[in-house]
Amino acid sequence: KITPSMHEIESCPSNSNRFYAAGGNSAYSANGDFYRSNDLGVSWTLLDSYNIRLSDIDVSPTNSNTVWRTHAQFDYTERVMTSFDAGVTWVDKTYNLPGIPMNAIEISSNGDAYVGSDLGMFYLANGSTEWIPFDNGLPIVPVTDIEIEGANLYISTFGRGVWKSDLYSTCSSDYFLTGDVSGHKI
């Protein structure tokens, strides 16, 4: 059974019966538990107890066994974790992220990850091991939540409002220019 102090709960888009939840004594607790329900919240399985501040959970839109979580503590090196077996085991996906709290995470339909930190946004392409800073005009500001709606990314911040951006895309490296060049001969 989940205690009233749970501060994070996430449903699974690909499995309406499954939910993940986490929390401790408060939303800012430095310890707590991680749960999964496979029956619409009727019963819960304790998957993990942790001694760190778990800040967010997100589930792959296409696979309810793939769940991500972020940790918001300076002194903890594993700040972004993922599980491919419904929260039983975890893999560190922190890679090259700076040593700052990670506050929010959102996974796109193609498996790309967006994480909000105390210093803005970062992007991880599906299958990559390198996080890329993704500010797209966003100032250096703590990101408190992330949502993806279609091709748009919505970012809430601490003190700078809500921002909207296109999802990450790489610029084309192929440019074809045509025309005439004229000038003066020296």
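Let me sum up the structure you'll find in this document. (Residues numbered from 1 in each chain as written. Predicted model: local features only at pLDDT ≥ 70, side-chain atom pairs only at ≥ 80, totals over all residues. Heavy atoms only, no water.)

## Remarks on the pairing of strand 2 (residues 15-23)
Okay, so step 1: Two elements, strand 1 (residues 6-12) and strand 2, share 6 bridges in a ladder whose sense is antiparallel. Bridging across to strand 2, I9 finds its partner in A21.
Okay, so step 2: The turn joining strand 1 and strand 2, which pair antiparallel and follow one another in sequence, is formed by 2 residues. (Pairing = 2+ DSSP bridges. Helix = DSSP H or I, 4+ residues; strand = E, 2+ residues; numbered from the N terminus.)

## Brief notes about the pattern of salt bridges
Okay, so step 1: In total, this model carries 1 salt bridge according to the counting rule given.
Okay, so step 2: One salt bridge connects D48 with R69, and the closest N-O pair in it is separated by 3.0 Å. Taken together, the positions of D48 in strand 4 (residues 45-50) and R69 in strand 6 (residues 67-71) put the pair 21 residues apart, joining distant regions of the chain.
Okay, so step 3: Given the relative accessible area of 4%, R69 is considered buried. (Salt bridge = Lys/Arg side-chain N within 4 Å of Asp/Glu carboxyl O. Buried < 20%, exposed > 50% of the residue type's maximum accessible area, 1.4 Å probe, protein only.)

## Quick look at the sheet that holds strand 10 (residues 113-117)
Okay, so step 1: Pairing within the open sheet is antiparallel, and its 4 strands lie in the order 9-10-11-12. At either margin of the open sheet sits one strand with a lone partner, and together these are strand 9 (102-107) and strand 12 (132-133).
Okay, so step 2: Here 5 bridges tie strand 9 to strand 10, and the two strands are oriented antiparallel to one another. Residue pairing in the sheet places I107 in a bridge with A113 of strand 10.

## Details of the packing of aromatic side chains
Okay, so step 1: Applying the stated criterion to the full structure yields 6 aromatic pairs.
Okay, so step 2: An aromatic cluster is built from Y114, Y123, F134 and Y168, whose rings are joined through pairwise contacts.
Okay, so step 3: Residue placement shows R69 over the ring face of F34; its charged tip is 5.5 Å from the ring centre.
Okay, so step 4: The aromatic ring of W90 is capped on one face by R69, whose charged end is 4.3 Å from the ring centroid. (Phe/Tyr/Trp six-rings, centres within 6.5 Å; stacked < 30°, edge-to-face > 60°. Lys NZ or Arg CZ within 6 Å of the ring centre and 35° of its normal.)

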